[in-house]
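The residues making up each chain are set out below.
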Amino acid sequence: MTETLTSPAELDLDSYRAQVEAHLEAFLARKARAARSQALPARGIEELGGFLAAGGKRIRPLLCACGWYAAGGGPEPHGLVPAGAALEMFHAFALIHDDVMDRSDTRRGRPTVHRCLAAEFALTQPRAEAEQLGIGAAILIGDLAMTWSDELLHAGGLAPDRLAAALALVDEMRTEVMYGQYLDLTGAARLEGSTDLPLTVIRYKTAKYTIERPLQLGAVLAGAGQGLLDGLSAFAIPLGEAFQLRDDLLGIFGDPDETGKSRLDDLREGKHTVLVALALAAADERQEADLRAALGDQAITEDAAGRARDVMTATGAAAGVEQMIGERYRQALDALAAADLPAPVDQALRALAHAAVWRRS
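Please read all numbers here as calculations on a predicted model, not as lab measurements.

Next up on the list: the overall build of the chain. Assigned secondary structure in the chain consists of 16 helices and two strands. For a compact globule of 361 residues, the expected C-alpha radius of gyration is about 21 Å, and the chain comes in at 21 Å, within 12% of that figure. With respect to the three principal axes, the spread of C-alpha positions in the chain is 60 × 55 × 30 Å. For the chain, the proportion of contacts with a sequence separation of at least 24, taken over those separated by at least 6, is 76%. Taken as a whole, the chain presents about 15,400 Å² of accessible surface, with 54% of it coming from carbon and sulfur.

This paragraph deals with the layout of surface pockets. What the largest pocket holds in volume is close to 1,100 Å³. What lines the largest pocket is a set of 45 residues, among which Leu95, Arg107, Gln244, Asp247 and Lys261 lie closest to the centre. When residues in the lining of the largest pocket are grouped by element, the largest group, nine residues, is from helix α4 (residues 80-102). In the lining of the largest pocket, the residues fall into 13 nonpolar, 14 polar and 18 charged. Residues from two domains meet in the lining of the largest pocket; each of domain 1 (11-157) and domain 2 (159-360) gives at least three. A volume near 320 Å³ is recorded for the second largest pocket. Along the wall of the second largest pocket there are 16 residues; nearest its centre are Pro41, Arg43, Gly44, Ile45 and Leu144. Among the secondary structure elements, those contributing two or more residues to the lining of the second largest pocket are α1 (13-37), α2 (43-53), α5 (113-121) and α6 (127-154).

Under the counting rule described, the total for this entry stands at 33 salt bridges. Across the salt bridge formed by Glu47 and Arg110, the nearest N and O atoms sit 3.5 Å from each other. Here the residue Glu47 occupies a position in helix α2, and Arg110 occupies one in strand β2 (residues 110-111), the gap between them amounting to 63 residues. Under the relative-accessibility criterion, Arg110 is labelled partly exposed at 22%. Taking the shortest distance from any N to any O, the salt bridge between Arg213 and Glu212 comes out at 3.8 Å. Taken as a pair, Arg213 and Glu212 share a single burial class, namely buried.

Here the chain is described as being made up of domain 1 (11-157) and domain 2 (159-360). Between the C-alpha centres of domain 1 and domain 2 there is a distance of 22 Å. Facing 39 residues of domain 1, the contacting portion of domain 2 comprises 40 residues. With both sides pooled, the region where domain 1 packs onto domain 2 buries about 3,300 Å², and carbon together with sulfur makes up 68% of that total. Ranking the residues of domain 1 by area buried against domain 2 places Leu63, Phe90 and Leu153 at the top, with a combined share of 17%. The interface formed by domain 1 and domain 2 contains four salt bridges.

Moving on, we get to the packing of aromatic side chains. Tallied over the full model, the rule gives four aromatic pairs. Seen from their ring centres, Tyr329 and Trp358 are 5.4 Å apart, and the 80° between their planes marks the pair as edge-to-face. One end of the pair, Tyr329, is in helix α15 (residues 317-339); the other, Trp358, is in the segment after α16 (343-357), and 29 residues separate them in sequence. Ring pairing ties together the aromatic residues Phe90, Phe93 and Tyr209, which thus form one cluster. The ring of Phe51 has Arg108 lying over it, and the distance from NZ or CZ to the ring centre is 4.8 Å.

Let's shift gears to unusual backbone geometry. What you tend to see is this: most non-glycine residues have negative phi, and most peptide bonds are trans. Of note in this structure, Arg58 is not a glycine but carries a positive phi near 55°. You can see Arg58 is positioned in the loop between α2 and α3 (59-70). For Arg103, which is not glycine, the phi dihedral falls at a positive 55°. Positionally, Arg103 belongs in the loop between α4 and β1 (106-107). Taking relative accessible area as the criterion, Arg103 reaches 44% and is therefore assigned partly exposed.

End to end, α15 covers 33 Å across 23 residues, agreeing with the expected 33 Å (1.5 Å per residue, within 8%). Once α15 finishes, Asp340 follows within two positions and takes phi at roughly 55°, a positive value.

In this section: the nonpolar core. Ranked by internal contacts, the top residues of the largest apolar core, which has 107 residues, are Leu48, Met89, Leu215, Leu217, Phe235 and Leu349. Broken down by element, the residue count for this core peaks at 14 residues, all from α4. Two domains each put at least three residues into this core: domain 1 (11-157) and domain 2 (159-360).

On to the environment of Ala242. On the secondary structure map, Ala242 appears in helix α9 (residues 226-253). Distance from Ala242 to Gln323, taken between C-alpha atoms, is 9.9 Å for residues 81 residues apart in sequence. Not counting the four nearest positions on each side in its chain, Ala242 is found in contact with Ile325, Arg328, Tyr329 and Val357.

Parameters at a glance
Residues numbered from 1 in each chain as written. Predicted model: local features only at pLDDT ≥ 70, side-chain atom pairs only at ≥ 80, totals over all residues. Heavy atoms only, no water. Helix = DSSP H or I, 4+ residues; strand = E, 2+ residues; numbered from the N terminus. Rg over C-alpha atoms; globule rule 2.2 N^0.38 Å. Contact = heavy atoms within 4.5 Å. Areas by Shrake-Rupley, 256 points an atom, 1.4 Å probe, with all protein chains shown as cover. 1 Å grid on protein atoms, 1.4 Å probe; cavity = no way out; pocket = protein on both sides within 12 Å on 5 of 7 lines; lining within 4 Å. Points joined across faces, edges and corners; volume = space filled by probe spheres on them. Nonpolar A, V, L, I, M, F, W, Y, C, P; charged D, E, K, R; others polar. Domains from an automatic or database assignment. Salt bridge = Lys/Arg side-chain N within 4 Å of Asp/Glu carboxyl O. Buried < 20%, exposed > 50% of the residue type's maximum accessible area, 1.4 Å probe, protein only. Buried area = accessible area lost by both parts, 1.4 Å probe. Phe/Tyr/Trp six-rings, centres within 6.5 Å; stacked < 30°, edge-to-face > 60°. Lys NZ or Arg CZ within 6 Å of the ring centre and 35° of its normal. Expected span 1.5 Å × (residues − 1). Core = buried A, V, L, I, M, F, W, Y, C linked by side-chain atoms within 4.5 Å.

Take a look at the structure:
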């Protein structure tokens, strides 16, 4: 695929997003044709393609493009579109597996991959077996997405030195998100009124993975030095923390029609978020009992969830998280100003930051 982006003076992230999506679509079409030609099952590829096409903010590829231009990359960004596609493919892997671990029913306004597949298997199998088959098949589809994210990056036509630098950064990103996911998964076993654990989860599962490493990847592809990478980090980490704090609020208080996810999932799974930690720290005995009864309840009702939301509001936890979001947003913008990036990149990052922090979905 020929890559054509406008010059930094006319930075057009919509065009880049479209090129990344087209690259992913063409890649999966080739994989489907190859599977069928070898009499291999293409159903998993179709499900992965549907998942990727179902929406998503594409924030990681867009940040990758911003990093490229921040480092002075030219208007013909060789390898940038495949790199963005690789980030999005890896993200598909992470979300598919995350939904399995969280036992989530919906993602992006549609049934999660394991639920879609379980429904198909249920046409011919007993329900319990169909659900287990759906989980197993979804794990394999996620594994394929992770493998293909590597392939997309390796096949991007990067010079050997740039590819080596990119792979080192991607390896760091993957390790960080796995640690973050592990801490997130096991955090429900030690719910407490301290924000130390959930903030560590946010740092590794979101701030680095969603903002810092994609920005740095684009910059590395353009040959950035350590000074710029550090400056991008100073912007990315507080922004990533604000992004996840907003996500935690939306997970409890958001409108499912806008978020595309149930607002019972985080309570059902007993997520140890900053929001929960602040509420537990400030709750009286009755409030704490109501909140702990809701957290981890697989059969939670809307009434029980409503009582938990009331606790989070009455204790000031929700307002406290809003304050933390505002503080981190301002910190990110201060770091962006200090980085002294080209004006179009600065403007694009400010727009992305605003959209990430003040979103409703």
